[in-house]
Amino acid sequence: MKLPKIRELTEAIKALLSKPYTSKFPKKPHIPHPNFRGQPVYNEDKCVGCLACEQVCPVEAIDHRDDADPSNPKRIMIHYTDTCIFCGSCEAACIADKEGIKLSNEWDLAFFDRKTAQETIEKELQLCEICGEPIACKDHLKWIAEKIGELSYSSPTLYFSHLKSLGIIDDNLIQASRDYGRSDRVKILCARCRRESTLTTSSR
Amino acid sequence: MAKSIIPIGPYHPLQEEPEFFTLTVDGETVVDIDVSIGYNHRGIEKLSEMKTFDQSTFVIERICGICSTSHPFAYTRAVEDIIPVEVPDRAKYIRTIIGEGERIHSHLLWLGLAGHFLGYNTVYMWVWKLREEILDAMEILSGNRNNYAMFKPGGVRRDINSEDIPPALRKIESIVPTLNKLKKAIIDDPVLHARLKGIGILTKEEALDYCALGPTSRASGVAKDVRKDAPYGAYDQVQWDMIVTENGDVFDKVVVRVLEMFESVKIMKQCLENLPPGEIDLNIKNIPPGEGIGAHEAPRGETFHYVRSDGTNRPARHKVRAPTFMNLPTFKATVIGETISDATIILASIDPCYCCTERMSVMNCRGKKIYSGEDLVRLSQDKTKLIQKKMGLK
């Protein structure tokens with residue numbers, strides 16, 4: 001009966017003499033372990049804008065908006081930090097060697113206005129040279145062309161966009177004409193225009 | 001003799017969860033108890049059917065904050081049962097490590113709360129301080145203190161790096177001396193003996209009749225544990241003992257949980273030291289039509305999941321049975337006959353988790369009229385009129 005009391009007393013004295021266990025958080029910043037899963041952050045240079053992360057996100061925290069303005073076409077990738085659950089699915093699905101979007105150690109995500117709880121990056125968009133619809137991000141087409149190597153010469157969309165990114169050929173002007181001619185088959189086209197141009201010009 | 005009814009809920013003031021107990025008391029003694037749940041229905045099963053098999057794990061993880069690995073563990077086993085496949089050894093070991101880490105922190109959380117319920121706030125503070133070490137170890141291993149996001153059908157999402165193992169092991173082993181002290185302090189504390197011994201006894205027969213699970217049944221002498229009965233993960237490849245005690249009172253439930261933590265530390269240590277090399281994921285692409293079941297011994301008892309697939313990438317049906325669903329009815333056997341002051345700790349002794357349990361609630365209307373929304377509005381308006389009439393208002 002006495003022994004347990006002594007044991008607990010020792011523990012109490014130890015607790016009295018030792019420093020508080022809790023951290024002095026606001027005064028001393030909290031540094032999480034490097035393994036900590038924090039807010040995902042886009043890497044604008046590595047991201048190719050393929051939307052794989054948007055597909056796999058279980059909480060729809062990733063969205064995109066296409067701005068098909070012919071003078072400056074761009075795709076805006078949006079990550080809503082308020083709905084994100086930091087599961088890391090986006091990083092696991094990233095096609096750019098898992099470098100396009102990466103979980104960081106960032107944990108201090110408090111905000112006053114929900115509208116500000118998002119981070120965006122802009123990617124240059126490739127438009128169809130006939131109809132002006134977005135095809136994919138320029139970096140994405142380049143990524144595919146590099147991935148499949150010489151096979152990319154089977155698709156004008158791929159090899160032209162690749163050659164353009166290398167600076168070998170000049171930028172073509174986007175034609176407003178909807179009449180598909182034979183020469184249209186050798187252009188950067190969206191899937192619909194490619195089908196139309198192939199179907200309408202092959203029988204002639 | 002006149003009997004009184006004491007309502008506890010719909011929001012439990014102590015356990016801070018939505019449930020409703022109706023205690024019928026005769027003086028100080030509880031003579032009847034009725035439990036009603038259904039205040040926290042979130043439609044998780046339906047939500048899981050709207051996500052792909054891979055995405056569903058994150059919804060399932062959020063059924064319960066404490067059992068955030070038990071539910072994905074059972075779910076992934078159910079999905080793997082449809083195909084069926086055997087996950088790689090390394091994934092099995094990682095799953096076991098995460099599952100056991102969760103068991104330790106869940107038991108510590110319960111122990112602290114039990115101390116708090118009894119007025120032993122020292123135990124509460126001491127134990128929750130200890131729990132921090134485990135949560136830190138889990139942060140090193142999985143990247144988060146809770147909601148580990150480690151599980152996926154066919155394996156695990158994140159590998160455990162070999163350089164992370166020694167610091168995590170140090171953290172896990174550092175709790176053992178304190179846990180030993182705690183064990184002694186609890187097992188021979190005279191006040192705890194007076195409060196917990198012989199209180200809320202669930203006999204072996206009753207435990208079997210009510211199909212009690214987990215520590216609730218093991219404290220009553222029913223040696224039932226999915227990890228031993230139908231081994232999965234790495235549980236058959238490591239050395240550990242099932243803790244079974246005989247008395248079935250609240251004190252034994254405490255003892256079972258405290259001793260189980262030592263076993264969990266043992267399992268985690270063996271798994272981390274003998275982590276086999278190899279793949280961690282099978283990269284399952286398609287789930288064929290069929291149905292599968294999965295079970296996992298959660299800290300509170302056996303969690304059971306049923307998943308049916310129709311060949312698409314989403315589950316056609318997903319059924320969850322949480323351990324509290326089976327342990328809840330044992331209150332009929334344990335609370336009746338005890339005093340109200342003891343009812344608090346008995347109601348907490350099964351480590352209830354109502355958020356896990358709330359899958360679907362059906363109200364039995366016993367042949368009476370079922371009111372529609374319009375009827376209810378009319379009833380309410382009639383009552384207002386009645387009151388106005390009584391008060392002499394127009």
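Just so it is clear, the model here is predicted, and its values are computed rather than measured.

*Asks:* Even after reading the chapter, I still don't get the domain arrangement of chain A, so can you show me in this structure?
*Replies:* Note: interface size is frequently given as the accessible area lost on complex formation between the parts. Residue and element names in this part refer to chain A. In terms of domains, chain A is made up of domain 1 (36–125) and domain 2 (128–204). Of note, the centres of domain 1 and domain 2, computed from C-alpha atoms alone, are 27 Å apart. Listed as interface residues are 11 residues of domain 1 and, on the opposing side, eight residues of domain 2. Between domain 1 and domain 2, roughly 930 Å² of surface is buried when both sides are summed, and carbon and sulfur atoms account for 65% of that area. Inspection of the domain 1/domain 2 interface yields two salt bridges. Between Glu 124 and Lys 138 there is a salt bridge; the shortest N-O distance is 3.2 Å. The tally of links between domain 1 and domain 2 comes to two residue pairs in polar contact (both at pLDDT 80 or more). Sorting elements by how many residues they give to the side of domain 1 that touches domain 2 places strand S5 (residues 118–127) first, with three residues. In terms of residue class, the side of domain 1 that touches domain 2 is built from six nonpolar, one polar and four charged.

*Asks:* What exactly am I supposed to notice about the packing of helix H11 (residues 250–273) of chain B against helix H14 (residues 340–349) of chain B here?
*Replies:* Residues and elements named next belong to chain B. The contact between H11 and H14 brings their axes to 10 Å, and the two run at 40 degrees. The angle between H11 and H14 places the two elements in the oblique class. For the element pair H11 and H14, the recorded crossing hand is left-handed. Across from Val 250, Lys 253 and Arg 257 in H11, the residues of H14 making contact are Ile 345, Ile 346 and Ser 349. A class-by-class count of the residues in the contact of H11 with H14 yields three nonpolar, one polar and two charged.

*Asks:* Any chance you could explain helix H6 (residues 165–187) of chain B here in plain terms?
*Replies:* Every α-helix carries 3.6 residues per turn, so stepping three or four residues along brings you back to the same face. All names here are of chain B. The first and last C-alpha atoms of H6 sit 32 Å apart over 23 residues, in line with the 33 Å expected at 1.5 Å per residue. If you look at H6, its biggest bend is around 30 degrees, right at Thr 178. Every buried residue of H6 is listed here: Ile 165, Ala 168, Leu 169, Ile 172, Ile 175, Thr 178, Leu 179, Leu 182, Ala 185 and Ile 186.

*Asks:* Explain the packing of aromatic side chains here, please?
*Replies:* For any two aromatic rings, the description comes down to two numbers: the centre-to-centre distance and the angle of the planes. Residues and elements named next belong to chain A. In the structure shown here, the tally under the stated rule is 10 aromatic pairs over all chains. A centroid spacing of 4.8 Å and a plane angle of 45 degrees characterise the contact between Tyr 159 and Phe 160, whose relative ring orientation is tilted. Overall, Tyr 159 belongs to the buried group, its relative accessible area being 18%. For Phe 160, a relative accessible area of 16% translates into the label buried.

*Asks:* Sorry if this is basic, but what is going on with the side chain of B:Arg90 here?
*Replies:* All names here are of chain B. Examined against the element boundaries, Arg 90 turns out to sit in helix H4 (residues 89–118). Assessed through its relative accessible area of 11%, Arg 90 is described here as buried. For Arg 90, the residues in contact, after removing those within four places along its chain, are Asp 159, Ile 160, Leu 275, Pro 276, Pro 277, Gly 278, Glu 279 and Ile 280.

*Asks:* For this particular structure, what's the right way to read the sheet that holds strand S8 (residues 315–321) of chain B?
*Replies:* The strands that make up a sheet pair up through hydrogen bonds in the backbone, lying either parallel or antiparallel. Residue and element names in this part refer to chain B. Across the sheet, three strands lie side by side as S6-S7-S8; this open sheet has antiparallel pairing. Each of the sheet's edge strands pairs with one partner strand only, and the pair in question is strand S6 (290–298) and S8. Neighbour-to-neighbour, the strand axes of this sheet turn through a mean angle of 15 degrees, independent of strand direction. Where strand S7 (residues 301–309) lies against S8, six bridges are found, and the strand directions are antiparallel. Counterpart to His 305 in the pairing with S8 is Val 320. Sitting on the sheet, helix H3 (residues 70–82) touches S6, S7 and S8, and the angle it makes with S6 is about 150 degrees.

*Asks:* What exactly am I supposed to notice about the domain arrangement of chain B here?
*Replies:* Residues and elements named next belong to chain B. Taken domain by domain, chain B consists of domain 1 (3–39 + 327–391) and domain 2 (44–326). Averaged C-alpha coordinates put domain 1 and domain 2 at centres separated by 29 Å. Every contact between the two is made by 24 residues of domain 1 and, on the other side, 34 residues of domain 2. Summing both partners gives a buried area of about 2,600 Å² for domain 1 against domain 2, and 61% of it is carried by carbon and sulfur.

*Asks:* In this structure, what is going on with the environment of B:Val258? I would like to understand it.
*Replies:* Residue and element names in this part refer to chain B. The residue Val 258 is located in helix H11 in this model. Sequence separation of Val 258 and Met 242 is 16 residues, and the distance between their C-alpha atoms is 12 Å. Discounting residues that sit within four places of it in the chain, Val 258 has contacts with Leu 111, Lys 183 and Ile 186.

*Asks:* Looking at this model, I keep getting lost on the packing of H6(B) against H11(B). Mind explaining?
*Replies:* Any two packed helices are characterised by the angle at which their axes cross and by the distance between the axes. Residues and elements named next belong to chain B. Running from N to C, H6 and H11 cross one another at 160 degrees; their axes reach a closest spacing of 10 Å. With respect to H11, the element H6 is oriented roughly antiparallel. Relative to H11, the crossing made by H6 is left-handed. Where H6 approaches H11, its residues Ile 165, Leu 169, Ile 172, Glu 173, Ile 175, Val 176, Leu 179, Asn 180, Lys 183, Ile 186 and Ile 187 are matched on the opposing element by Phe 251, Val 254, Val 255, Val 258, Leu 259, Met 261, Phe 262, Val 265, Met 268, Lys 269, Leu 272 and Glu 273. Here the contact of H6 with H11 is composed, by residue class, of 18 nonpolar, one polar and four charged.

The rules behind these values
- Residues numbered from 1 in each chain as written.
- Chains lettered and ligands numbered in written order.
- Predicted model: local features only at pLDDT ≥ 70, side-chain atom pairs only at ≥ 80, totals over all residues.
- Heavy atoms only, no water.
- Domains from an automatic or database assignment.
- Contact = heavy atoms within 4.5 Å.
- Buried area = accessible area lost by both parts, 1.4 Å probe.
- Salt bridge = Lys/Arg side-chain N within 4 Å of Asp/Glu carboxyl O.
- Polar contact = N/O pair within 3.5 Å; in protein donor to acceptor, adjacent residues only side chain to side chain.
- Helix = DSSP H or I, 4+ residues; strand = E, 2+ residues; numbered from the N terminus.
- Nonpolar A, V, L, I, M, F, W, Y, C, P; charged D, E, K, R; others polar.
- Axes fitted to C-alpha atoms, helices over the stretch in contact; angles between N-to-C directions.
- Parallel < 35°, antiparallel > 145°, perpendicular 65-115°, else oblique.
- Left-handed = near helix turned anticlockwise from the far one by under 90°.
- Expected span 1.5 Å × (residues − 1).
- Bend = angle between axes of the 7 residues up to and from the residue.
- Buried < 20%, exposed > 50% of the residue type's maximum accessible area, 1.4 Å probe, protein only.
- Phe/Tyr/Trp six-rings, centres within 6.5 Å; stacked < 30°, edge-to-face > 60°.
- Pairing = 2+ DSSP bridges.

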